[in-house]
Amino acid sequence: MTSSPLTAPPGRRGSDYARLSRRVAEAGLFARRPGWYAARIGLTLGAFLAGWAVVVAVGDSWAQVLLAAGMAVATTQVAFLGHDAGHRQMFRRRGPSELAGLIAGNLAVGLSYGWWVDKHNRHHANPNHTDEDPDVGAGAVVWTYEQAAATRGMGRWLARRQAWLFFPLLLLEGLALHVASVQALTGREGGRWRTPVRHRAVEALLLVAHAAGYLGLLFAVMSPGKALLFVAVHQGLWGLYMGCAFAPNHKGMPMPTADDDLDFLRKQVLTSRNVRGGRFVDVALGALNYQIEHHLFPNMPRMNLRRARPIVRAYCAEQGIPYAETGLVESYRQALAHLHEVGRPLRVG
């Protein structure tokens, strides 16, 4: 679905964002929070490792199905730490940020940190842009009428029904992320690496260590059948949780094209949606529910986004910029409504 051209007031490009940044800086919200992150890292990794210790202790039991669901939650919370590291929310320097990202992403989760940072930075630069944002590229799900019209065969069958199939498809998202990570580290084109990754050999070694440790532990403590069931439940629910955390942020929001003319402030605000819900939602979504503030200030520490929200919302009201915010269920309804509308021409054609 395409939007009508969007423009910023002439003569004010950059200045609107600069004024907002000064207000946020005066509130001290760009300051690093090492104590908070030390506690968060300790609690998250502690729960993650404790979960695996329980898996070992329970052994060859059908109760492992429930533990797999719990580990999907713990794995996603670790992935949120990798997200924060990728934005340098934890540390100002690249070295410590990359170390934290490699441990959280490659070693703990099995996700290429370098590939994800490259992809995620391109998303932040042009959110929801039909040509520039990799998160809205055509795949199993299509996001625009043009993408839907280009589908063939099974892709067209999926596009007609994609709103109904969206959440079931997320059960495969974990597997897709693992596959994409391996492809990013090994894929070459024209004699060059397709994806820029700074520490390719280290990342590959850590992914191998993750796979060996993950599968080795499971097959060592339970029967092959139970181990495979654990993998299916764990990876399926991890992908579902990750998809549910990211889906409310932009899906169903305006999708700029090359014809649209937006300054940075409007580019980020108009394409993003915040999700209300209190502290529980903050933790469950890794503070990504403050998506507008996160996109405006991606290196702002996670816990400061809540405090930035009223400043940003008031400023947007002053400038006459729509500020989208809704409940979690409504955010999913809007995203699914967009997917259903995109597939409409295929259903009636």
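In the block above lies the structure referred to throughout.
Residues numbered from 1 in each chain as written. Predicted model: local features only at pLDDT ≥ 70, side-chain atom pairs only at ≥ 80, totals over all residues. Heavy atoms only, no water.

S.K.: Got a minute to help me understand the overall build of the chain in this structure?
M.R.: A count of helical and extended segments in the chain gives 17 helices and four strands. Over its C-alpha atoms the chain spans a radius of gyration of 21 Å, differing by no more than 12% from the 20 Å that the globule rule assigns to 349 residues. The principal-axis extent of the C-alpha atoms belonging to the chain is close to 65 × 55 × 45 Å. Expressed as a percentage of its 349 residues, the buried residues of the chain come to 48%. (Helix = DSSP H or I, 4+ residues; strand = E, 2+ residues; numbered from the N terminus. Rg over C-alpha atoms; globule rule 2.2 N^0.38 Å. Buried < 20%, exposed > 50% of the residue type's maximum accessible area, 1.4 Å probe, protein only.)

S.K.: Could you clarify how one ought to interpret the packing of helix α8 (residues 162-170) against helix α11 (residues 224-250) in this entry?
M.R.: Axis angle and axis distance: for two packed helices, these are the angle between their axes and the distance between the axes, and together they describe the pair. Closest axis-to-axis distance for the α8/α11 pair is 7 Å, and the angle between their directions is 130°. Taken together, the axis directions place α8 and α11 in an arrangement best described as oblique. Between α8 and α11, the residues in contact are F166, F167 and L170 and G236, G239, L240, G243, C244 and A247, respectively. Residue composition of the contact of α8 with α11, by class: six nonpolar, three polar and no charged. (Axes fitted to C-alpha atoms, helices over the stretch in contact; angles between N-to-C directions. Parallel < 35°, antiparallel > 145°, perpendicular 65-115°, else oblique. Contact = heavy atoms within 4.5 Å. Nonpolar A, V, L, I, M, F, W, Y, C, P; charged D, E, K, R; others polar.)

S.K.: How do you make sense of the pattern of salt bridges when you look at a structure like this?
M.R.: For side chains of opposite charge, pairing can occur when their charged atoms come near one another. The tally for this structure, following the rule as stated, stands at 15 salt bridges. Residue R302 pairs with D84 through a salt bridge whose shortest N-O separation is 2.8 Å. On the criterion of sequence distance, the pair formed by R302 in the loop between α14 (291-296) and α15 (305-319) and D84 in helix α3 (residues 64-86) is long-range, its members being 218 residues apart. Notably, a salt bridge pairs K119 with D135, separated by 2.6 Å at the nearest N-O pair. Here the residue K119 occupies a position in helix α5 (residues 113-125), and D135 occupies one in the loop between α5 and α6 (145-149), the gap between them amounting to 16 residues. Through salt bridges with shared partners, a single network forms among D16, R19, D263 and R266. (Salt bridge = Lys/Arg side-chain N within 4 Å of Asp/Glu carboxyl O.)

S.K.: In this structure, what is going on with the packing of helix α4 (residues 94-109) against helix α10 (residues 200-221)? I would like to understand it.
M.R.: Two elements in contact, α4 and α10, have axes separated by 7 Å at closest approach and are oriented at 40°. For the element pair α4 / α10, the angle class is oblique. Facing α4, whose interface residues are L102, N106, L107, A108 and V109, α10 presents V202, E203, L206, L207, A209 and H210. Partitioned by chemical class, the residues of the contact of α4 with α10 number eight nonpolar, two polar and one charged.

S.K.: Looking at this structure, I do not really get the nonpolar core. What am I missing?
M.R.: Side chains of a nonpolar character, in soluble globular proteins, are inclined to be buried together. Among the nonpolar cores identified, the biggest contains 31 residues, and W52, V55, L218 and F230 are the most heavily contacted of them. Sorting the residues of this core by element identifies α2 (34-58), α3, α4, α5, α9 (173-186), α10 and α11 as the ones contributing at least two each. With six residues, the single largest contributor to this core is α3. Membership of the second largest hydrophobic core comes to 20 residues, among which are L296, A308, V312 and C316. (Core = buried A, V, L, I, M, F, W, Y, C linked by side-chain atoms within 4.5 Å.)

S.K.: How should the environment of H294 be read in this particular structure?
M.R.: By the secondary structure assignment, H294 is in helix α14. With 26 residues separating them along the chain, H294 and Q268 place their C-alpha atoms 9.2 Å apart. Sequence-distant contacts of H294, that is, excluding residues within four places in its chain, are made with H83, H87, Q89, H120, H124, L288 and L305. Looking at H294, its side chain comes within polar contact range of the side chain of H87, at 3.4 Å. (Polar contact = N/O pair within 3.5 Å; in protein donor to acceptor, adjacent residues only side chain to side chain.)

S.K.: Would you explain the environment of P254 in this entry?
M.R.: Mapped onto the fold, P254 is located in the loop between α11 and α12 (264-270). Residue P254 is classed as partly exposed on the basis of its relative accessible area of 31%. Spatially, the C-alpha atom of P254 lies 49 Å from that of A57, the residues being 197 residues apart in sequence.

S.K.: Quick question: what am I supposed to make of the packing of aromatic side chains here?
M.R.: Each aromatic ring pair is specified by the distance between its two centres and by the angle formed by the two planes. For the structure on display, the rule yields 10 aromatic pairs. Here W52 and Y214 contribute two aromatic rings whose centre-to-centre distance is 5.8 Å and whose plane-to-plane angle is 85°, an arrangement assigned as edge-to-face. Linking W52 in helix α2 with Y214 in helix α10, this pair joins segments that are 162 residues apart in sequence. Ring geometry for F80 versus Y241: centroids 6.2 Å apart, planes at 90°, classification edge-to-face. Taken together, the residues span a long stretch of sequence, with F80 in helix α3 and Y241 in helix α11 at a distance of 161 residues. The class of Y241 is buried, set by a relative accessible area of 17%. Over the ring of W143 we find K251, and its NZ or CZ is 4.5 Å from the ring centre. (Phe/Tyr/Trp six-rings, centres within 6.5 Å; stacked < 30°, edge-to-face > 60°. Lys NZ or Arg CZ within 6 Å of the ring centre and 35° of its normal.)

S.K.: I keep staring at helix α16 (residues 328-342) and nothing clicks. Help me out?
M.R.: For an α-helix the count is 3.6 residues per turn, leaving residues at separations of three or four pointing the same way. Its 15 residues place the ends of α16 22 Å apart at the C-alpha level, agreeing with the 21 Å of an ideal helix rising 1.5 Å per residue. Looking at the buried positions of α16, the neighbouring elements they touch are α6, α8, α11, β3 (274-275), β4 (325-326) and α17 (344-348). (Expected span 1.5 Å × (residues − 1).)

S.K.: Quick question: what am I supposed to make of the side chain of S331 here?
M.R.: In this structure, S331 sits in helix α16. Residues contacting S331, with those up to four places away along its chain left out, are P248, R273, V275 and T326.

S.K.: Can you walk me through α11 in this structure?
M.R.: An ideal rise of 1.5 Å per residue puts 39 Å on 27 residues; α11 measures up with 40 Å between its terminal C-alpha atoms. One or two positions beyond α11, positive phi appears at G252, with a value near 90°.

By themselves, these figures tell us nothing about what the structure is for.
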